[in-house]
Structures are given as C-alpha cells and as structure tokens.
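# Secondary and tertiary structure notes
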Amino acid sequence: MLKLSISILLASSLLSTQSFAADTASTLTQVKERGYVNCVIGNSFPGFYSLNKEGEWQGMDIDMCRGVAAAVFGDAQNVKFLPVQWAQSFTSIKSGKGDMLSKGMTWTLSRDTEQGLDFLDTYFYDGQGFMVRKDLGVTSVKELEGATICVLTGTSSELNIADYSRAHNLDLKTVVFDDSSVRNTAFFNNNCDALTNDKSGLAAQRSAAPNPADYVILPETISKEALSFAVKQNDSEWANVVKWTFAAMVAAEEFGITSKNVDDIRANSQSPVVRRLLGIEGNLNKGLGLPDDWAYQVIKNVGNYGEVYERNVGPNSVLSLEREGTLNALWKDGGMMYAKSFR
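For the rest of this paragraph, the subject is the overall build of the chain. A tally of regular secondary structure across the chain gives 13 helices and 12 strands. Taken along its principal axes, the extent of the C-alpha atoms in the chain is 80 × 65 × 40 Å. When the 343 residues of the chain are sorted by exposure, 51% land in the buried category. Long-range contacts, defined here as pairs at least 24 residues apart, represent 70% of the contacts in the chain between residues at least 6 apart. Surface accessibility of the chain: about 16300 Å² in total, with carbon and sulfur atoms responsible for 50%. Of the side chains in the chain, 32 bear a positive and 40 a negative charge, and the two mean positions are spaced by 4 Å.

All right, on to the side chain of Asn160 then. Assignment of secondary structure puts Asn160 in helix H6 (residues 156-167). The exposure class assigned to Asn160 is buried, which follows from its relative accessible area of 19%.

Turning our eyes to something else, we now look at the nonpolar core. Among the nonpolar cores identified, the biggest contains 65 residues, and Phe48, Met100, Phe124, Trp238 and Tyr305 are the most heavily contacted of them. Broken down by element, the residue count for this core peaks at 11 residues, all from helix H9 (residues 236-254). Val132, Ala147, Tyr164 and Ala194 belong to the second-largest nonpolar core, a separate cluster that totals 15 residues.

Here the focus is a negative patch on the surface. A cluster of like negative charges, contributed by Glu310, Glu322, Glu324 and Asp333, occupies part of the molecular surface. Note that Glu322 resides in the segment after helix H13 (305-312). Under the relative-accessibility criterion, Glu322 is labelled exposed at 54%.

Further remarks concern the state of the cysteines. Joining two cysteines, a disulfide is a covalent bond between their sulfur atoms. Counted by the stated rule, this structure contains 2 disulfides. Disulfide pairing is shown between Cys39 and Cys65; the S-S distance is 1.8 Å. Taken together, the residues Cys39 in strand E1 (residues 37-41) and Cys65 in helix H3 (residues 60-73) connect sequence positions 26 residues apart. Using a relative accessible area of 0% as the deciding quantity, one classes Cys39 as buried. Two residues, Cys150 and Cys192, share a disulfide whose sulfurs are 1.9 Å apart.

So, about unusual backbone geometry. Phi is positive for Asn190, which is not a glycine, with a value near 65 degrees. Looking at where Asn190 falls in the secondary structure, it is placed in the loop between helix H7 (180-188) and strand E10 (194-198). Non-glycine residue Ser320 carries a positive phi angle of around 55 degrees. Turning to its location among the elements, Ser320 is positioned in the segment after H13.

Our focus in this paragraph is the packing of aromatic side chains. One pass over the full model with this rule turns up 15 aromatic pairs. One Lys or Arg, Arg34, reaches over the ring of Tyr36 and ends 5.5 Å from the middle of that ring. Across from the ring centre of Tyr296, 4.6 Å away, lies the NZ or CZ of Arg266, which sits over that ring.

This brings us to the sheet that holds strand E11 (residues 215-217). Spatial ordering of the open sheet is given by E9-E8-E10-E7-E11, a layout of 5 strands whose pairing is mixed. Either end of the sheet is taken by a strand with one partner, and the two such strands are strand E9 (173-177) and E11. Taking the axes of each pair of neighbouring strands and ignoring which way they run, one obtains an average angle of 30 degrees across the sheet. Alignment of strand E8 (residues 148-152) against E10, held across 2 bridges, turns out to be parallel. Bridge assignment links Cys150 to a residue of E10, and that residue is Leu195.

Conventions adopted
- Residues numbered from 1 in each chain as written.
- Predicted model: local features only at pLDDT ≥ 70, side-chain atom pairs only at ≥ 80, totals over all residues.
- Heavy atoms only, no water.
- Helix = DSSP H or I, 4+ residues; strand = E, 2+ residues; numbered from the N terminus.
- Buried < 20%, exposed > 50% of the residue type's maximum accessible area, 1.4 Å probe, protein only.
- Contact = heavy atoms within 4.5 Å.
- Areas by Shrake-Rupley, 256 points an atom, 1.4 Å probe, with all protein chains shown as cover.
- Lys, Arg positive; Asp, Glu negative; His and termini not counted.
- Charge placed at Lys NZ, Arg CZ, Asp CG, Glu CD.
- Core = buried A, V, L, I, M, F, W, Y, C linked by side-chain atoms within 4.5 Å.
- Patch = residues over 30% accessible without salt bridge, like charges linked within 9 Å, V, L, I, M, F, W, Y side chains within 5 Å.
- Salt bridge = Lys/Arg side-chain N within 4 Å of Asp/Glu carboxyl O.
- Disulfide = S-S within 2.5 Å.
- Phe/Tyr/Trp six-rings, centres within 6.5 Å; stacked < 30°, edge-to-face > 60°.
- Lys NZ or Arg CZ within 6 Å of the ring centre and 35° of its normal.
- Pairing = 2+ DSSP bridges.
- Axes fitted to C-alpha atoms, helices over the stretch in contact; angles between N-to-C directions.

Structural data, given as structure tokens:
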C-alpha cells in the first residue's frame, strides 16, 4: 500500500510539473508548438481590420499580424484572428488567449501600467476628431455646444471628449455604446449630433455610410492617438519578435526593398546592412529565436511598411488617407516612421 501511495504521489507530482511547465512556457515557444499566432483584433474597422467578400480578414492590423506569422513560420497564413469587443481587449492578452493585440489601440500610460500589457511600436499616428451631417451646417467643433456625441465606452475617445468639453465649456453630452457597429448605426440614424473617433476611424465609418457625401469630418484634432501593438507584460522574448518584425517592414521601405524586388536584392545587394537584414550574413536571428531569413519572409510575404500602408489606408484605398506630410511618413520624409539599427 505504501509503495502504491508513493507511486500515485510521484505520478501526481509529474503531471503537476508538466502542467506548470506548459503554463509557464514562453509565448514564442507556445506559438511555435501551436503552429500559428493568435492575434486579437476588433470586429470591424475598414482599412485596419474587416472581412472582405470572400470572408477573409484584411487591413493594416491584419497585415501586421501576418508579418509576425511570416517571421516565425515563413508563412503569413499561420495566424488565427480573434475579434473581440473593446472591453475584452486587455483580458484576451493577459489570459494568454491572444499572443498579440493589434486593433487600433491607443498607447496610454494607464493601459501600459495597469492592464497587464506592454505596448511596443506605434504603427499609425492618429488623432481624435468629429464627424457630423453636412446639413447640420457645422464647420467647427466649437459650434457643437450642448450637442450629443456618439462614442464607444471605455475608450480614450470618451475621456478626451470630457476633457475637451470641460476645457472649452461646450457641455458636450456623450451617448455611449459597447459595440462600434451599434454606435455607427445610431449616428447614421440621427440619434446623435456627432460621431467621435480617431480620424482614420471616422474616414472608415464615412466610407461605409449609405451616402458618404452627406457627412463631413470637422477640421479639429483634439488628441494624440498613437496606435500601437501590445503583448503580455514582461514577456521580452515575444515582444522582441513583434517589434523587430515591424522594424523590418520600416527598414525595408527605407532601403527601397519591396515584396516584388526582395529576391533580386537578396541575390545581388552588396550593402552590409541590407545583407544583415535579409539574413545573408551575420546572425541577428539568433537573439530572436527565429530562422535566419525571418525578415526576408516578412517582406516577401507581406511587404514593407509603405506597401502595407498604401493597400490598406492609402489614397487608392477605401480610406483614401494621404501619407505625405503626415507623421506616418518615413523619418527622412519628415515623418515619425523610423527603424532601429539592424546590427
């Protein structure tokens, strides 16, 4: 009986140890063993994340997640998208359900310090604005005194309205919603005087309106909205993979490397920096725990930052957002997009 009890205890201890090891394995290890990246996104934000007619996810956030999959697996399709409501964004990452958050989330101090997340790079610089019906005859936010504003609850937009209204004595009245689609419908049904969101979001919502020409985005920008990736707090190994994947996209644009010419450049470039980036020489991959051609796979499968921007939110996209002269331009063009050194 004593031997049997000891055997049961040893077996139980072994199972507990195995379970603990599984629970504490790094995110990168879990992703590799699982075979795909779990990417937390929202339900629909045209230009950033939305379903096309074929039922496939597309958008800037989608491409960023596909880039990470390409870096890890050499295949941009090895990713599963997890659309969640705004309120579940943080818990999806903290619980380990999602590996990375890429859903137009603004990097703020409270989110960075209180939500169990680590924010990484900013992939789109934006600012909050207001959209109204053209027949309202309003040309400035300052003319919205006492107006009702449709806004998503729990967002930085809700807090920004309160600050702006107080600072300018506008007495703005918020009508809050948990679901962005319900919020948009309420606005287009004239249940609010104005809709507020990041200006890229307003452009997306206007493009989906029954008659887009009936709506105008007011000129004021009342906040700084740095849309950024986030991962689980204190997981530097996985954080490095995500942020250097993005850096590879930006660096590729700086060096003129695209998804179309990357093979030719990889075969012929004599630039030491480009050769390191594309894994021809050096061992930059070792510190990341990735294959030596990880950055090549990102660029080949997804493209550089400029390609991602143009096809999803650029002038010829559904959002028609100009990049020239904005913070989203490369640093050498007066913007903020800047890749750290690949050394």
